[in-house]
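Examination of the molecular architecture
Here are the chains, one letter per residue:
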Amino acid sequence: GCKFDAGQVQQVLEGALASTLGTMVYSPQGSAPLAQSLAELLRSQAKEVVPPRYKLVCHVLLGQQGQQSLLVASRALWDPESDSFASATFSNTSLFAVATVHGVYFE
Amino acid sequence: QMIFNADEAHNIVKECIESVLGKADYNHNKVNQWTAAIVEQSLTHLVKLGKTYKYIVTCAVMQRSGAGLHTASSCFWDTTTDASCTVRWENRTMNCIVNVFAVAIIL
């Protein structure tokens, strides 16, 4: 197909998060570079299942599992016919991650 | 106009966050409407700049409890025209991170 398949991208995100983070433990020094490399990994994996002519924005939040609450929201100004997004979350006893990929079609 | 002014966007977003979260304390029941208001107001103001861009705005609000949080993003786009800006804000009880991604529309 020529459209952004949100379901498929979500599956890719879920798989990548689970296999990369698995039983990892949160550490202040290690988590910053981990978040960056995760964003790059997810972006490149999403690119493989998304049709050509789509620009991608991949955003990752990685945090320490504690007693706090977190809410992530997003809005976009785009063309709802062609543009879309997918998101996935992962958590274990030490950390949590929220990943979102937005796909924007360009002529 | 095809140039995204990151400073301008930064100021716009910072004002939106201030007007919504201002001196409020973290409130689980209000977080939903707060994040929605921040992204909507930011998007509305960005659109008023009248530039030929599609925008994606994400907002994360987290309760401050000492836990660590990292955010990263990776984009597949045209680096000559597309750009992003991140605004970090906090008060005594919560952290807020807003990302604005501007993707050029080629007319």
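Reading the values: rules and limits
Residues numbered from 1 in each chain as written. Chains lettered and ligands numbered in written order. Predicted model: local features only at pLDDT ≥ 70, side-chain atom pairs only at ≥ 80, totals over all residues. Heavy atoms only, no water. UniProt positions renumbered as here; feature names shortened; annotations may be inferred. Contact = heavy atoms within 4.5 Å. Buried area = accessible area lost by both parts, 1.4 Å probe. Salt bridge = Lys/Arg side-chain N within 4 Å of Asp/Glu carboxyl O. Polar contact = N/O pair within 3.5 Å; in protein donor to acceptor, adjacent residues only side chain to side chain. Helix = DSSP H or I, 4+ residues; strand = E, 2+ residues; numbered from the N terminus. Nonpolar A, V, L, I, M, F, W, Y, C, P; charged D, E, K, R; others polar. Pairing = 2+ DSSP bridges. pLDDT = per-residue confidence, 0-100. Buried < 20%, exposed > 50% of the residue type's maximum accessible area, 1.4 Å probe, protein only. Axes fitted to C-alpha atoms, helices over the stretch in contact; angles between N-to-C directions. Expected span 1.5 Å × (residues − 1).

- If you check an unreviewed UniProt entry, chain B appears there as Dynein light chain Tctex-type 1 from Aptenodytes forsteri.
- Under the UniProt heading Sequence similarities (unreviewed entry), the note attached to chain B is "Belongs to the dynein light chain Tctex-type family."

- Chain A appears in an unreviewed UniProt entry as Tctex1 domain-containing protein 1 from Aptenodytes forsteri.
- What UniProt states about chain A under its Sequence similarities (unreviewed entry) heading is, verbatim, "Belongs to the dynein light chain Tctex-type family."

Points about the interface of chain B and chain A
- Each partner contributes residues to the interface: chain B has 41 residues there, and chain A has 39 residues.
- A buried area of about 3300 Å², summed over both sides, lies between chain B and chain A, and 60% of it is on carbon and sulfur atoms.
- The tally of links from chain B across to chain A stands at 3 salt bridges.
- One salt bridge connects K54(B) with D83(A), and the closest N-O pair in it is separated by 2.8 Å.
- For the pair chain B and chain A, the interface holds 18 residue pairs in polar contact (both at pLDDT 80 or more).
- Listing elements by their share of the side of chain B that touches chain A, those giving two or more residues are α2 (31–48), β1 (53–63), β2 (69–76) and β4 (94–104) of chain B.
- For the side of chain B that touches chain A, the element with the highest residue contribution is β1(B), accounting for 11 residues.
- Across the side of chain B that touches chain A, the residue classes tally to 23 nonpolar, 14 polar and 4 charged.
- Pairing of strand β2 (residues 70–77) of chain A with β1(B), which is carried by 8 bridges, proceeds in the antiparallel orientation.

Brief notes about the confidence of the model for chain A
- For chain A, per-residue confidence averages 91 on the pLDDT scale, and 99% of positions sit at 70 or higher.
- Mean pLDDT across the secondary structure elements of chain A bottoms out at β2(A), with 83, and peaks at helix α1 (residues 6–21) of chain A, with 96.

Re the pattern of salt bridges
Residues and elements named next belong to chain B.
- Counting across every chain of the model gives 6 salt bridges over all chains.
- A salt bridge links E8 to K51; the shortest N-O distance between them is 3.6 Å. One end of the pair, E8, is in helix α1 (residues 6–21); the other, K51, is in the loop between α2 and β1, and 43 residues separate them in sequence.
- Assessed through its relative accessible area of 30%, E8 is described here as partly exposed.
- Look at K51 and you get buried, because its relative accessible area is 16%.
- The salt bridge involving E90 is made with R64; its shortest N-O contact spans 3.6 Å.

Digging into the sheet that holds β2(A)
- Reading across the sheet, the 4 strands line up as β2(A)-β1(B)-β4(B)-β3(B) and stay open at both edges, with antiparallel pairing between neighbours. Unpaired on one side and paired on the other, β2 of chain A together with β3 (83–90) of chain B mark the two borders of the sheet. In this sheet, adjacent strand axes meet at a mean angle of 10 degrees when their direction is disregarded.

Considerations on the environment of S94(A)
All names here are of chain A.
- Looking at the element boundaries, S94 is found in the loop between β3 (84–91) and β4 (95–105).
- The sequence separation of S94 and E14 amounts to 80 residues, and the corresponding C-alpha distance is 18 Å.
- Not counting residues within four places of it along the chain, the set of residues in contact with S94 comprises M24, V25, Y26, G63, Q64 and Q65.
- A distance of 2.7 Å separates a polar atom in the side chain of S94 from the backbone nitrogen of Y26.

Focus on helix α2 (residues 28–49) of chain A
- Taking 1.5 Å of rise per residue, the 22 residues of α2(A) would be expected to cover 32 Å, and the 32 Å separating its terminal C-alpha atoms lies within 8% of that figure.
- Taken together, the buried positions of α2(A) are occupied by S31(A), L34(A), A35(A), L38(A), A39(A), L42(A) and A46(A).
- Where α2(A) is buried, its residues meet α1, β1 (54–64) and β4 of chain A together with β2 of chain B.

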